[in-house]
2 protein chains.
Amino acid sequence: MVAHPTKIELDEKEMPTAWYNIQADLPVPLPPPLHPGTHQPIGPADLAPLFPMELIKQEVSTERYIDIPEEVQEIYKLWRPSPLYRALRLEKLLDTPAKIYFKYEGVSPSGSHKSNTSVPQAYYNMKEGVKHITTETGAGQWGTALSMSCEMFGIECTVYMVKVSYQQKPYRRALMETYGAKVIASPSNTTASGRKILETSPDSPGSLGMAISEAVEIAAQRDDTRYSLGSVLNHVLMHQTIIGQEAKLQLEKVGDYPDIIIGCTGGGSNFAGITFPFIKDKFAGKNIRVIAVEPAACPSLTKGVYTYDFGDTGQLTPLVKMHTLGHDFVPEGIHAGGLRYHGMAPLVSHLMELGAIEARSYHQNATFEAGVTFARTQGILPGPEPTHAIKAAIDEAIRCREEGVSKTILFNLSGHGHFDLGSYDRYLKGDLVDIEYSSEQVQEALSHLPVIA
Amino acid sequence: MVAHPTKIELDEKEMPTAWYNIQADLPVPLPPPLHPGTHQPIGPADLAPLFPMELIKQEVSTERYIDIPEEVQEIYKLWRPSPLYRALRLEKLLDTPAKIYFKYEGVSPSGSHKSNTSVPQAYYNMKEGVKHITTETGAGQWGTALSMSCEMFGIECTVYMVKVSYQQKPYRRALMETYGAKVIASPSNTTASGRKILETSPDSPGSLGMAISEAVEIAAQRDDTRYSLGSVLNHVLMHQTIIGQEAKLQLEKVGDYPDIIIGCTGGGSNFAGITFPFIKDKFAGKNIRVIAVEPAACPSLTKGVYTYDFGDTGQLTPLVKMHTLGHDFVPEGIHAGGLRYHGMAPLVSHLMELGAIEARSYHQNATFEAGVTFARTQGILPGPEPTHAIKAAIDEAIRCREEGVSKTILFNLSGHGHFDLGSYDRYLKGDLVDIEYSSEQVQEALSHLPVIA
């Protein structure tokens, strides 16, 4: 008996040495971001106070491949290439003729795919002489990845952490501090925007919007400081494409190619990472289905509208064309913290409009159920975000059984759930509530969209 | 430039298919365990109520290699072969001519090396018709590994968790429950021994000794139930030898062999796993140093005596010859929970007596400092236990620099620290206290040793 391998590894010499830029292959170019005041397309100079020039260039580049700097590759090798698994035990449990593969990004030291972009972002900042990077974090995955990356390139890192998370997740804070970062509960008295909030609401629990304002304020004020974002932007999504490129090489090793590719979507970066290198083939004629999975409690792709909107609640960012629930939409406190963003990456939104991808949503109890099934069969405890992708993979595999067809399914397991056991505990106790928004609620949130001439 | 690889992987086809049994190569055989009542050597029948026969056989076997069942290999492949890393960034930081390699066992779903033995233990129990396994857990690593393994072989698992840990570590409990186990705070009213304690001390915080008594009591009473132990015993240590065997194959791939091998020691199992396959070569004439590293707060190898003692505080287990601080020695609440055992595995103790290994101890602040240095350079956050091995590896690498010699150092990174951030937090805040016992204190603990005729 020649068993199918459980784990397909690449040697580090086989690791891709360039990121794939889907902007080179778009049949219709991406609508430009607009200045929040003038509503005119913004240029590099508008972004220069916040980002190093190399990242601004990548944001608008239409080069198909952009080389990964050698210093970044060296850090990647601390956990990359990441393994591709065949979920043999899950297939058996489901009694499905489908083949289920998953790429596992939880092997990174920060526990998720976020390090794939935090490392190059820290690197380019270092190359351009930046001494200090600010960012915000909610659940803490992004803050952890950036803290580690800054430490490795000798850059100071300040993380504005939403106050309620700061208080409820002291271990995430401790992890960022272990990686040498300064973590500040937001709103704080270190910025004008923070002080303004504290004046009127001294007990404010904070929000991602407020934390962004604080981080951006510091970066804009100081010459040696820049700001860093963990999702949504084009260059961030591009850095993640190493995931899908590796997966393609790994599938080649076992003579396979996916019929269905699945990723969960919050801001869109892990979804882009696993799918964009395959969507390239789809544009060239390959017959594949690409499925974005989002929480029913934050349904930007399935219930939002495709229009220009602000990236933040504070209306400080450029306007970008995306699927949005409105910049002042506040999703309920579901446990997939990384999927609670009112909008969707412009590139992912654009691909949805072009018909290159499809979207669906699930309730959180169903996704945690899938997560527990996965942990009990495959061992790995998934983060609450990728349980959305697991749920879709299970549903597709069951459909294969019902229809008697064998398909090859690939999904991205974007991170582990070691810091999310409080949520698993509540799920097991039956304490999680499923939330669905009425069309009236969505309409209300959408009524505050900016009007573009 | 041909760079040295950062990560050396084995294909799963290269995974060893047998465990190495060091009892085959001991120049002097291991002293036998004695019955706690008669002080006579115990036989298989004495252990049959607690363990399946195959594990009892392995406990006393002198076969050099014991085949790993195919079903166990299939589960191992969910995370094995585990990666061997060259710590290039740490070497650079230390400016050492030494080469530092580490084997990383934190890739297992339970986060530590413990699954290497929990999987075969659950398997052999399943093969012999056992329906239910009981065990105890303190910090939770062992309970997590056994929960997952039992679930995978369709066996019920009950974990008696020391009450104070049950209350302070709800996430570890939630993880075991996610893997399908029943977790009971010990002392409990589910056993006679638990009820007896609760009668006199209703608020008892529990102890590992009490939890062992409860787990053993249930196993001894029920025909379909057995008991499982995560360290100390010969068969448990043998199951861990896959670590060192893989490391040897991985080092061969880069044409290397260690001069110094380092592991931390609590009960002795991860140390045995990385070192025994190399000690085999040492017995055959290889010139290597093997270093066991223990906490200064629980110094069984460096301050204990080599004698017959009980494995538990309750004096229920057989007497085994080992380095011990006395069965009623209660180590202070240091943060490397996995290293707080009063004794040392008989095999490790025996090798110490034979001069095959050396031992040293470190204080916890020094080990956490090494752990933070490691996380900041190599990314991975180590568990508090393997920070002891890291500290020793760093010290040896610095000595190489000072003496101007290049040695090859190999250590075992037995698990990650994702569930230990409370301890890192206290370290970073300067709240950890280093504990050293006076010879009077050790003498007092040793004064209760059993007297063997």
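Definitions and limits used
Residues numbered from 1 in each chain as written. Chains lettered and ligands numbered in written order. Predicted model: local features only at pLDDT ≥ 70, side-chain atom pairs only at ≥ 80, totals over all residues. Heavy atoms only, no water. Helix = DSSP H or I, 4+ residues; strand = E, 2+ residues; numbered from the N terminus. Rg over C-alpha atoms; globule rule 2.2 N^0.38 Å. Buried < 20%, exposed > 50% of the residue type's maximum accessible area, 1.4 Å probe, protein only. Contact = heavy atoms within 4.5 Å. Areas by Shrake-Rupley, 256 points an atom, 1.4 Å probe, with all protein chains shown as cover. Pairing = 2+ DSSP bridges. Axes fitted to C-alpha atoms, helices over the stretch in contact; angles between N-to-C directions. UniProt positions renumbered as here; feature names shortened; annotations may be inferred. Phe/Tyr/Trp six-rings, centres within 6.5 Å; stacked < 30°, edge-to-face > 60°. Lys NZ or Arg CZ within 6 Å of the ring centre and 35° of its normal. Parallel < 35°, antiparallel > 145°, perpendicular 65-115°, else oblique. Nonpolar A, V, L, I, M, F, W, Y, C, P; charged D, E, K, R; others polar. Salt bridge = Lys/Arg side-chain N within 4 Å of Asp/Glu carboxyl O. Lys, Arg positive; Asp, Glu negative; His and termini not counted.

## Notes on the overall build of chain A
Then, number 1: When helices and strands are counted, chain A shows 19 helices and 15 strands.
Then, number 2: Against the 2.2 N^0.38 benchmark of 22 Å for 453 residues, chain A shows a C-alpha radius of gyration of 21 Å, consistent with a compact globule.
Then, number 3: Expressed as lengths along the three principal axes of its C-alpha atoms, the size of chain A is roughly 70 × 50 × 45 Å.
Then, number 4: The buried share of chain A, taken over its 453 residues, is 64%.
Then, number 5: Considering only contacts in chain A between residues 6 or more positions apart, those separated by 24 or more positions represent 77%.
Then, number 6: Total accessible area on chain A is roughly 15,800 Å²; 50% of this is exposed by carbon and sulfur atoms.

## What about the sheet that holds strand 7 (residues 156–162) of chain B?
All names here are of chain B.
Then, number 1: The strand order across the open sheet formed by 4 strands is 8-7-6-9, and the pairing between neighbours is parallel. The strands lining the two open edges of the sheet, one partner per strand, are strand 8 (182–186) and strand 9 (225–227). The mean inter-strand angle of the sheet, taken between neighbouring strand axes irrespective of direction, is 25 degrees.
Then, number 2: Two elements, strand 7 and strand 8, share 5 bridges in a ladder whose sense is parallel. Paired with Val162 across the strands is Ser186, a residue of strand 8.
Then, number 3: Running at roughly 170 degrees to strand 6 (residues 132–137), helix 10 (residues 208–221) makes contact with strand 6, strand 7, strand 8 and strand 9 of the sheet.

## Topic: the UniProt feature "modified residue: N6-(pyridoxal phosphate)lysine" (unreviewed entry) in chain A
Residue and element names in this part refer to chain A.
Then, number 1: UniProt's entry tags Lys114 with the feature "modified residue: N6-(pyridoxal phosphate)lysine" (unreviewed entry), counted in the numbering of this structure.
Then, number 2: Along the polypeptide, Lys114 turns up in the loop between strand 5 (99–104) and helix 5 (115–127).
Then, number 3: Lys114 has contacts with Gln141, Trp142, Ala145, Gly230, Ser231, Gln240 and Ser269, leaving out every residue within four places of it along the chain.

## With respect to the packing of aromatic side chains
Then, number 1: The tally for this structure, following the rule as stated, stands at 24 aromatic pairs over all chains.
Then, number 2: Ring geometry for Tyr85(A) and Phe102(A): centres 5.1 Å apart, planes at 15 degrees, overall stacked. Highlighted residues: Tyr85(A) in strand 4 (residues 84–86) and Phe102(A) in strand 5, separated in sequence by 17 residues.
Then, number 3: For Tyr85(A), a relative accessible area of 5% translates into the label buried.
Then, number 4: Measuring from centroid to centroid gives 6.1 Å for Phe374(B) and Phe411(B), while their planes differ by 75 degrees, and the two rings are edge-to-face. With a gap of 37 residues between them, Phe374(B) in helix 16 (residues 364–378) and Phe411(B) in strand 15 (residues 408–413) connect regions that are remote in the sequence.
Then, number 5: Taking relative accessible area as the criterion, Phe374(B) reaches 0% and is therefore assigned buried.
Then, number 6: By relative accessible area, Phe411(B) is classed as buried at 0%.
Then, number 7: An aromatic cluster is present here, built from Tyr85(A), Phe102(A), Phe374(A) and Phe411(A) joined pairwise through their rings.
Then, number 8: A cation over an aromatic ring shows up here: Lys248(B) above the ring of Phe278(B), its NZ or CZ 5.5 Å from the ring centre.

## Points about the packing of helix 16 (residues 364–378) of chain A against helix 18 (residues 421–428) of chain A
All names here are of chain A.
Then, number 1: In the contact formed by helix 16 and helix 18, the axes pass within 10 Å of each other and the chain directions differ by 105 degrees. One finds that helix 16 runs roughly perpendicular with respect to helix 18. Seen from helix 16, the contacting residues are Asn365, Phe368, Glu369, Gly371 and Val372; seen from helix 18, they are Ser423, Tyr424, Tyr427 and Leu428.
Then, number 2: When grouped by side-chain class, the residues that make up the contact of helix 16 with helix 18 number 5 nonpolar, 3 polar and 1 charged.

## Observations regarding the pattern of salt bridges
Residues and elements named next belong to chain A.
Then, number 1: Enumeration according to the criterion identifies 41 salt bridges over all chains in this entry.
Then, number 2: Residue Lys103 is joined to Glu246 by a salt bridge in which the shortest nitrogen-to-oxygen separation is 2.7 Å. Linking Lys103 in strand 5 with Glu246 in helix 12 (residues 242–253), this pair joins segments that are 143 residues apart in sequence. Judged on exposure class, the residue Lys103 and its partner Glu246 are both buried.

## Considerations on the side chain of Glu12(A)
Then, number 1: Tracing the backbone through its elements, the reader meets Glu12(A) in the loop between strand 1 (7–8) and strand 2 (18–20).
Then, number 2: An unpaired buried charge is present at Glu12(A): no salt bridge exists, and Lys77(A), the closest side chain of opposite charge, is 4.6 Å distant.

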